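Chain residues, written in single-letter form:
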Amino acid sequence: MNIIVAADKNWGIGYQNKLLVSIPSDMKFFRETTTGKVVVMGRKTLESFPNGLPLAMRTNIVLTRKPDYQVKGALIFRSVEDVLEELKKYDSEDIYVIGGEEIYREFLPYCDVAHVTKIDHEYLADAFFPNLDQEKDWVITADSEEQTYFDLEYTFLRYERRAKN
């Protein structure tokens, strides 16, 4: 299972239920990577999308504690266990956890690959991703050349969970 995230220097990922910054090449990478795949998210992440609608051309799985929550075009679950049971129907390589903070923390233990757009800037953030650089189980296995968007520098990193001995 995969995680995909854009994080700043402090592993900040959002502020007031919005992305910290919108970088066109990061958005393109996200779109190309997740199209045709399964995306797992929380309710607030879904509601942050344009018109609060599920992402097109993907299987949208939403985890929420709201008992009567329904959204056309999304599969709604109330527990991590129920989501994990549903995910057994799909190839693990085709599953992408896309946020937000609570969902990332809940599903990180089940993921083997993390696609991180690391932004070389500090933003005001109220949502964070776990610092994979401090996690002994995770190692960077690929990184891009440094990219720029106006004066913003960022890299695309691929982290993989180390094989357990």
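In the block above lies the structure referred to throughout.
The structure presented is a predicted model; accordingly, all values stated were derived computationally and were not measured.

### Some details on the overall build of the protein chain
Part 1: In terms of helices and strands, the protein chain carries four helices and twelve strands.
Part 2: Whereas a compact globule of 165 residues would reach a radius of gyration of roughly 15 Å, the protein chain reaches 15 Å, a difference of no more than 12%.
Part 3: Referenced to the eigenvectors of the C-alpha coordinate spread, the extents of the protein chain come out at roughly 45 × 45 × 25 Å.
Part 4: Within the protein chain, the fraction of its 165 residues that count as buried is 45%.
Part 5: For the protein chain, the proportion of contacts with a sequence separation of at least 24, taken over those separated by at least 6, is 62%.
Part 6: Accessible surface, the protein chain as shown: approximately 9600 Å² in total, 49% of it carbon and sulfur.
Part 7: Across the protein chain, the 21 positively charged side chains and the 28 negatively charged ones have centroids separated by 5 Å.

### Examining the pattern of salt bridges
Part 1: Within this structure, the stated rule accounts for twelve salt bridges.
Part 2: Across the salt bridge formed by Arg 65 and Glu 102, the nearest N and O atoms sit 2.9 Å from each other. Taken together, the residues span a long stretch of sequence, with Arg 65 in the loop between β5 (59-63) and β6 (74-77) and Glu 102 in helix α4 (residues 101-107) at a distance of 37 residues.
Part 3: One salt bridge connects Glu 86 with Lys 89, and the closest N-O pair in it is separated by 2.9 Å.
Part 4: For Glu 86, a relative accessible area of 10% gives the class buried.
Part 5: You can call Lys 89 exposed: its relative accessible area is 62%.

### Quick look at the sheet that holds strand β9 (residues 127-128)
Part 1: Taking strand neighbours across the sheet as the criterion, the three strands line up as β3-β2-β9 in an open arrangement whose pairing is antiparallel. The sheet terminates laterally at β3 (18-19) and β9, the two strands that pair on one side only.
Part 2: Relative to β9, strand β2 (residues 12-15) runs antiparallel, the two being bridged by two bridges. Bridging from a neighbouring strand, Gly 14 pairs with Ala 127 of β9.

### Some remarks on the nonpolar core
Part 1: Counting residues in hydrophobic clusters, the biggest one holds 30 residues, and the most contacted among them are Ile 3, Val 40, Leu 87, Val 97, Phe 107, Phe 129 and Leu 132.
Part 2: Only β1 (2-7), β4 (38-42), β5, α3 (80-87), β7 (95-99), α4, β8 (113-119) and β12 (152-161) provide two or more residues apiece to this core.
Part 3: With four residues, α3 is the single largest residue contributor to this core.
Part 4: Listed in part, the 13 residues of the second largest apolar core include Ile 4, Met 41, Leu 46 and Tyr 96.

The rules behind the values
- Residues numbered from 1 in each chain as written.
- Predicted model: local features only at pLDDT ≥ 70, side-chain atom pairs only at ≥ 80, totals over all residues.
- Heavy atoms only, no water.
- Helix = DSSP H or I, 4+ residues; strand = E, 2+ residues; numbered from the N terminus.
- Rg over C-alpha atoms; globule rule 2.2 N^0.38 Å.
- Buried < 20%, exposed > 50% of the residue type's maximum accessible area, 1.4 Å probe, protein only.
- Contact = heavy atoms within 4.5 Å.
- Areas by Shrake-Rupley, 256 points an atom, 1.4 Å probe, with all protein chains shown as cover.
- Lys, Arg positive; Asp, Glu negative; His and termini not counted.
- Charge placed at Lys NZ, Arg CZ, Asp CG, Glu CD.
- Salt bridge = Lys/Arg side-chain N within 4 Å of Asp/Glu carboxyl O.
- Pairing = 2+ DSSP bridges.
- Core = buried A, V, L, I, M, F, W, Y, C linked by side-chain atoms within 4.5 Å.

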